[in-house]
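Residue-level structural notes
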Amino acid sequence: TAFKNVFQHIYTQAIKNDIIEKNLADLIIPAQKQRGNRKPFTYEQIEQIKEFKHKYNDIAVILLYTGLRINELLEIEKKNVHLEERYMIGGKKTKAGLNRVIPIHEEIYPLIEKHYNNSTTYLIENNKSPVNYYTFMHTYWERLKQHLGTDQTPHCTRHTFITYADK
């Protein structure tokens, strides 16, 4: 729809300036956005994730209990984590999500505390450098999907959080 809006403005100006007579942007039908797999994890799957043994497993568990996008979590700096007050500040992408306060659930407090005490700049680090999306996906998520027998993505942790928070 963003492209259609741009074309609408272009054609409107072209008509005003007698360059064309018809607004062809009216003929544009935006494709439906592909939503992918929006399937929340079940309680059983969440327990399997918690028990899965991998150095990046904490990331998946934290995602489940915060509703953060993977890159939002990976970009949280330690200065934005307030352990005593049990919240952190993170988020981006949308105006509503920018720098939002994220409560630290009791289930993930020990994980956040462990990473907070072991990191330098970023909450989630590996050998003193931030973990990146590519590394997370290829060294962890593919193994987790096989373990669970699912095709769910890290973004499904966000849908899981939203679904259970809504309940």
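First, a word on what this report is: a plain description of the structure on this page. (Residues numbered from 1 in each chain as written. Predicted model: local features only at pLDDT ≥ 70, side-chain atom pairs only at ≥ 80, totals over all residues. Heavy atoms only, no water.)

1. A look at the layout of surface pockets
In this model, the second largest pocket occupies a volume close to 290 Å³. As for the second largest pocket, its lining consists of 15 residues, and the residues nearest its centre are Leu 64, Tyr 65, His 105, Phe 161 and Tyr 164. Secondary-structure elements contributing two or more residues to the lining of the second largest pocket are helix H2 (43-51), helix H3 (57-66), strand S3 (100-103) and helix H7 (155-166). (1 Å grid on protein atoms, 1.4 Å probe; cavity = no way out; pocket = protein on both sides within 12 Å on 5 of 7 lines; lining within 4 Å. Points joined across faces, edges and corners; volume = space filled by probe spheres on them. Helix = DSSP H or I, 4+ residues; strand = E, 2+ residues; numbered from the N terminus.)

2. A few points about the nonpolar core
Counting residues in hydrophobic clusters, the biggest one holds 36 residues, and the most contacted among them are Ile 49, Ile 59, Leu 73, Met 88, Ile 112, Phe 136 and Tyr 140. Of all the secondary structure elements, the ones that give two or more residues to this core are H2, H3, helix H4 (70-74), helix H5 (109-118) and helix H6 (133-148). When residues in this core are grouped by element, the largest group, seven residues, is from H3. With residues near it in sequence (within four places) discarded, Ile 112 still touches Ile 62, Val 81, Leu 83, Met 88, Ile 104 and Leu 123. (Core = buried A, V, L, I, M, F, W, Y, C linked by side-chain atoms within 4.5 Å. Buried < 20%, exposed > 50% of the residue type's maximum accessible area, 1.4 Å probe, protein only. Contact = heavy atoms within 4.5 Å.)

3. Examining the pattern of salt bridges
Within the structure shown, the criterion is met by seven salt bridges. Salt-bridge contacts for Glu 47 lead to Lys 50; the nearest nitrogen and oxygen are separated by 3.4 Å. Taken together, the residues span about one helical turn, with Glu 47 and Lys 50 both in helix H2 at a distance of three residues. Between Arg 69 and Glu 72 there is a salt bridge, with its nearest N and O atoms 2.9 Å apart. Judged by its relative accessible area of 3%, Glu 72 falls in the buried class. Connected through salt bridges with shared partners, the residues Glu 47, Lys 50 and Glu 107 form a single ionic network. (Salt bridge = Lys/Arg side-chain N within 4 Å of Asp/Glu carboxyl O.)

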